[in-house]
Amino acid sequence: MRPRRGHRVLSVALFFLLAVSLPPALPAGASTTGPRAAAGPDLGQGDWVGVDAADAHWSDYTVDVDLTVVKEAASVYFRARSGGADSYMWQINVTGAEPVLKKHVWAGGNVSQVTETPIGDVIGPDALHSSHHLRITADGGTITTSVDGVAVDTAQESAYATGTIGFRESPTEEATYRDLTVTAPDGTGLLDDPFTTGEPNAFGAGTIGADGLDLAGASALLKPGNQTPRLRTEFTLPKKVAAARLYASAQGIYEMSIDGRRVGDDLFAPGWTNYSDQVQYQSYDVTDLLGRGAHAIGAQLAPGWYAGDVGWFGTGQYGTTPALWAQLRVTYTDGTVRTLDTDGSWQASTGGPVTSADNYMGESYDARREQSGWAEPGFTGAGWAPVDVQPGLASKAVPQIGPPVRVTGTVRPVRVTEPAPGTYVFDLGQDISGVVRVRVRGPAGTTVTLRHAQAINPDGTLYTDNLAAGPAPYLTAAQQDTYTLRGGGTETFQPDFTYHGFRYVAVTGYPGTPTPADLTGIVEGTDAPVIGAFSTSDALVNQLQSNITWSERDNLFSVPTDTNARTERLGWAGDADFFAPTAAFNRDLDGFYAKWERDLIDSQTPQGIFDNVAPTWPAVAGSGYGGGWGDAGVVIPYTAWQSYGDTALVRSSYPAMRKYLAAMEAASTDLILPASFAPAGDWMNVDQPTPADLIATAYFAYDASLMARMSAAIGRDADAAGYRALFTRIASAWDATYLAADGSIAGNSETGYVLALHLGLLPEGLRAQAAGRLVGLVHAGGDHLATGFVGTQWLLPVLSATGHTDVAYTLLEQTGYPSWGYEIAHGATTVWERWDGILPGGGFNPNVNGNSFNHAVDGAVGSWMYTTIAGIVPDPAHPGYARFSVRPQPGGGLTRARASLRSPHGTISSSWHLTGKQLVMDVVVPHGSTAVISVPSPSPSGITATGGAHAGTPADGATPYTVTGGHYTFRTAVG
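Keep in mind that this is a model prediction, so the values were computed, not measured. (Residues numbered from 1 in each chain as written. Predicted model: local features only at pLDDT ≥ 70, side-chain atom pairs only at ≥ 80, totals over all residues. Heavy atoms only, no water.)

Colleague: Quick rundown of the overall build of the protein chain? Include the residues and the values.
Modeller: Along the protein chain, the regular secondary structure elements total 14 helices and 55 strands. Taken over C-alpha atoms, the radius of gyration comes to 30 Å for the protein chain, in line with the 30 Å a tight globule of 975 residues would show. In the protein chain, which comprises 975 residues, the proportion classed as buried is 61%. Summed over its atoms, the accessible surface of the protein chain is roughly 32,800 Å², and 51% of this surface lies on carbon and sulfur atoms. Where the 59 positive side-chain charges of the protein chain centre and where its 93 negative ones centre are 10 Å apart. (Helix = DSSP H or I, 4+ residues; strand = E, 2+ residues; numbered from the N terminus. Rg over C-alpha atoms; globule rule 2.2 N^0.38 Å. Buried < 20%, exposed > 50% of the residue type's maximum accessible area, 1.4 Å probe, protein only. Areas by Shrake-Rupley, 256 points an atom, 1.4 Å probe, with all protein chains shown as cover. Lys, Arg positive; Asp, Glu negative; His and termini not counted. Charge placed at Lys NZ, Arg CZ, Asp CG, Glu CD.)

Here's what the structure looks like:
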């Protein structure tokens, strides 16, 4: 907890195991161990505690709702628990010969029972899509149902006795709901929601419009109350402390404090995982916070990914009640260790200042509700009651293995405008992930609203159309924070339990006129160390590098997200796969990838397919495919091994990777995968689609080649031989299927030729012809690219590898549509999702459900910039830069370039500059590495070398120098 402001946590549960030395009369839950107590957390002790949502305890009640089936069906959850995974779901379905009431019993996220009752005598064929009234009464084990006042069914069900309500539509279904009431048997109203336009949506998904709550392709459970509670306890340490360590985790997100002092500096702990498989815990050294005497521990919780919104699927995808686990282990100077577990004696309050929090929707904070000293010993404030003991995930707890999310920087506004009276729009000049810190002074009760967006409309107001995602009617990320002043002086607000993707902030309700000094952008993200740097003489190329690194920085947020703004922000496997080599040049992602690969493995189906997003959750589990998406399960361990030199991730992932290759082979026919295995195709291509089965099969071959290399690296020689043979067979099948007699490739797309050339699928004699066809397509497009996500990553590398670096530079420096320069010319500070996010004729792309202005994937060109412009080329046979090449290829309008990379052996540096006709190269090779430096001169006699470098035999117009650690300079004439 930051002491400057309080925090409330909604329905959350806290498990807290406190290992401390206590007086002889131990409080409830305490245990004692001797001086040789085992180190580390004891996951088997303690309760998970928090505050239950009231609706979770609803038992007997009647649901009344008016509904209209727009497409196929309308479904109502009742007595629902675990985000609907355990529930009854009654559905009016109009897809058959006559409408039916389909009664579903869900258990563990799967339908365990379905029965049908025809209702054609109530809903006629001319009224299938008219408004109808549905009443469901749950009275003990008897459930009665009526439609339009006519009793249609009475059922006896005993699976669930309590739970909340909600609605559900599958991806092909849509319905609207109005005038919802929930009534207890004694007539007490439990809920009354007419779904009025302009009122907040009390459910986890859908959009409220003139026809009520419109829901399609999502589950929408009633948002539980009490999701941002505070929890606290007090204890006494009677002896001198030698060491203390706090372990903590959560179903949800948490911040903890000891005696009012914040523990740690990480945010969004414990991070996002598939909580049904694993939940991470953190470890903090808190020795400096504890001593002899009285102490208090406070915990502030929020829904996070566990109970808050996930993508466009709504809230409660993993559960409805967040939960926290923690353990404080204190060792006294005499060597003894004592423990205190959380239990029902802990106190909880839902009256804190954080009144709501959601990653997508925002955070609301009412400073008038702050309670000074609530996390300090001796506190006696009102509104606290015993916690609720809840089920937890102790058996799923695993230590965090990647870097945490932290504040990684700040950005100051470059301008403030007032497009409407009282609306102040701050431009940070940079798209970021995070929040803002606002400084304000005004009367108590004044509410300041902060709205965030990536772009602005021509009139200066926020452009928010692109904050929606999912099937129509979409779910929009509000990205809105509110702060209600306590009054009495200058106040500062910085949200803790939400984050946004934005460049612009609209401030309303501000007392007075804010200045740029009153607002600061707070950059948040996974704190992965920066290890790479790149710059040139060209401002456009430098801006592109900045855009790439910012998109990477903004989309490393516990998982590699696709975008940072709209209701998506998911760990899309394809995006991470395509961008991985560039990402690894810029940052040390060894631990990050190890964690996320674990998420991918958790997503793997019994058949072996990695999901297309990771972490996954019950609503989307098992929806994986290849063509670059599920293939991330193979590409990520390979990239980590090549970049950092460690086979640990290869070894731990090997069984899962083998299973994936076997699943691909099983899904193929004569080694050709069907189009359904790559439904995304070459996503976001420019009117030049590539056959999906071609892409899927090419990636199958790619995976086999990577598996051959990884198998050999870990001593699995027989497997390596088998995968090499598999690659050869797939390549042969691919050629027979997609390669025509005239050398053209099916689809005749840039991406098709890029895949064939980069992945080695073509006979050697056809490579030059294929490269010529690729170049021809580029020229035919006016020297513009037409590739989507799949092809863009390798387009420039293939051009350079086939002798067309000049064409690659033309694409790099292009400013017309489509190009990276086009985005920059239109003000981009990060990489866009669409090449035409802003249309060539002006205006935003009308396809708002996919128009992110911060999408790292097309920044995959960054690896070519490092390897070709700067010339730092890894050697696949010597991972981790134990051996590498330096062979820059100056071109375009560049007159200088510089790059550095902190490898496992030390910092590699390569720079060059042109002065007239003279090229000067400057190279630093770390000790422990060997480098082959290629100077573009056909003879050593034309080269001046320093640093003790000795020339080898010239080849291909260049002279090689094989060197070890040192600093080397070369001068030669060019042109």
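Now that the structure has been shown, the text picks up again.
Colleague: Summarise the packing of aromatic side chains; cite the residues concerned and give the values.
Modeller: With the rule as written, the count across this model stands at 48 aromatic pairs. The interplanar angle of 75 degrees and the centroid separation of 5.2 Å between the aromatic rings of Phe268 and Phe557 together place this pair among those described as edge-to-face. Of this pair, Phe268 sits in the loop between β21 (261-262) and β22 (279-285) while Phe557 sits in strand β45 (residues 556-557), and the two are 289 residues apart along the sequence. For Phe557, a relative accessible area of 1% corresponds to the buried category. (Phe/Tyr/Trp six-rings, centres within 6.5 Å; stacked < 30°, edge-to-face > 60°.)

Colleague: Provide a residue-level description of the environment of Trp629, including the pertinent values.
Modeller: With respect to the helices and strands, Trp629 occurs in the loop between α4 (590-603) and α5 (632-644). With 70 residues separating them along the chain, Trp629 and Tyr699 place their C-alpha atoms 9.5 Å apart. Ignoring sequence-local partners within four residues, the contact set of Trp629 consists of Trp572, Ala573, Gly574, Asp575, Phe578, Asn612, Ala680, Gly681, Trp683, Phe789 and Val790. (Contact = heavy atoms within 4.5 Å.)

Colleague: Summarise the pairing of strand β4 (residues 61-71); cite the residues concerned and give the values.
Modeller: The buried count for β4 comes to nine of 11 residues, which makes it a mostly enclosed element. The pairing of β4 with strand β9 (residues 131-139) spans eight bridges and is antiparallel. Across the sheet, Val63 pairs through a bridge with Ile136, a residue of β9. Two elements, β4 and strand β13 (residues 174-183), share eight bridges in a ladder whose sense is antiparallel. Looking at β13, one finds that Lys71 is bridged to Glu174. (Pairing = 2+ DSSP bridges.)

Colleague: Would you mind going over the pairing of strand β11 (residues 150-156) in detail, with residue names and values included?
Modeller: Examined bridge by bridge, strand β10 (residues 142-147) and β11 share six bridges and lie antiparallel to one another. Looking across to β11, one finds that Val147 is bridged to Val150. If you look at the hairpin formed by β10 and β11, you'll find two residues sitting between the two strands, and Asp148 has a positive phi there, around 55 degrees.

Colleague: Give a detailed account of empty space enclosed by the protein, specifying residues and quantitative values.
Modeller: Counted under the stated rule, the structure contains four cavities of 30 Å³ or more. Computed from the structure, the largest cavity encloses a volume of approximately 150 Å³. Forming the walls of the largest cavity are 16 residues, and the residues nearest its centre are Pro560, Thr561, Ala576, Phe579 and Ala856. Of all elements in the fold, only α2 (539-555), α3 (573-586) and α4 reach the threshold of two or more residues within the lining of the largest cavity. Its residues assigned to classes, the lining of the largest cavity shows 11 nonpolar, two polar and three charged. Of the voids in this model, the second largest cavity is the one considered here, and its volume is about 130 Å³. Taken together, 17 residues line the second largest cavity, and the ones lying closest to its centre are Gln280, Gln400, Pro403, Pro404 and Ser558. (1 Å grid on protein atoms, 1.4 Å probe; cavity = no way out; pocket = protein on both sides within 12 Å on 5 of 7 lines; lining within 4 Å. Points joined across faces, edges and corners; volume = space filled by probe spheres on them. Nonpolar A, V, L, I, M, F, W, Y, C, P; charged D, E, K, R; others polar.)

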